[in-house]
Amino acid sequence: MDDDDDDVPQLSAHTLAALQEFYLEQQQREGTKTSQGFNQYSVGSIEENWQLSQFWYSDETASCLANEAIVAAGKGGSCCLFFRIACVSAPSVYQKLKERDDRDFSVVILEYDRRFSVYGEEFIFYDYNNPLNLPEDLLPHSFDIVIADPPYLSEECLQKTAETIRYLTKGKILLCTGAVMEEQAAKHLGVKICKFIPKHSRNLANEFRCYTNYASGLD
């Protein structure tokens, strides 16, 4: 044995037990996904990464926002048209829309986390720090509604995300962010707070709200 081996840090028995328990839970979770028929579009199929400020909506909230997006985009109206929906940093809503397997609309997801590239061509890498660094084929004002949930509760993040939203939308905006951002949301996007209160799968310290610039079903 080399003398250098004495300098290698050793894990305590307690730490080793905790790691073994963690890996066992991971294996059991993956086994459950396989045995039950894994749905790649279910909310939570890609786990939250708190370091990226990811906090998924509850299933009920994601469904509600998906329904609102479809109605606002025009589905259910008197005309049979094809609608386009963009989800900016709002993967839970994207997943709920995809679960519908509806051919009356298309949806894309703009997201920093490249794990969502599993969704193929509908995934568009997005960094709010470069709000207009978008693919050339993503034309301006080409989406009937844009749903956005900026990852951070700061005016800088909201302002830059707002640039992306204004570029993409034909007009309608559905924004989800903290209640503390109400004034900034009105300033940068002209949206008003809704009565509906979105919920997350994990309780957050900050109160979240929805904002729209049109008469919505969230009031």
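Residues numbered from 1 in each chain as written. Predicted model: local features only at pLDDT ≥ 70, side-chain atom pairs only at ≥ 80, totals over all residues. Heavy atoms only, no water.

Focus on the pattern of salt bridges
Here the idea is simple: oppositely charged side chains can pair when their charged atoms come close.
Next, step 1: Applying the stated criterion to the full structure yields eight salt bridges.
Next, step 2: Between lysine 160 and glutamate 156 there is a salt bridge whose closest N-O contact spans 3.1 Å. Placement of the pair is lysine 160 and glutamate 156 together in helix H4 (residues 155-168), with a separation of four residues, close to one helical turn.
Next, step 3: Lysine 160 gets classed as partly exposed once you look at its relative accessible area, which sits at 22%.
Next, step 4: The exposure class of glutamate 156 is partly exposed, given its relative accessible area of 44%.
Next, step 5: Through salt bridges with shared partners, a single ionic network connects Asp59, Lys96 and Glu99. (Salt bridge = Lys/Arg side-chain N within 4 Å of Asp/Glu carboxyl O. Helix = DSSP H or I, 4+ residues; strand = E, 2+ residues; numbered from the N terminus. Buried < 20%, exposed > 50% of the residue type's maximum accessible area, 1.4 Å probe, protein only.)

A closer look at the packing of aromatic side chains
Next, step 1: Counted according to the given criterion, the structure contains five aromatic pairs.
Next, step 2: Measuring from centroid to centroid gives 5.4 Å for tyrosine 112 and phenylalanine 125, while their planes differ by 40°, and the two rings are tilted. One end of the pair, tyrosine 112, is in the loop between strand S2 (105-111) and strand S3 (123-125); the other, phenylalanine 125, is in strand S3, and 13 residues separate them in sequence.
Next, step 3: On the accessibility criterion, tyrosine 112 (43% relative accessible area) is partly exposed. (Phe/Tyr/Trp six-rings, centres within 6.5 Å; stacked < 30°, edge-to-face > 60°.)

Description of the state of the cysteines
Next, step 1: Overall, the coordinates contain zero disulfides when judged by the stated rule.
Next, step 2: With no disulfide of its own, cysteine 210 has cysteine 176 as its nearest cysteine by sulfur position, at a separation of 3.6 Å. (Disulfide = S-S within 2.5 Å.)

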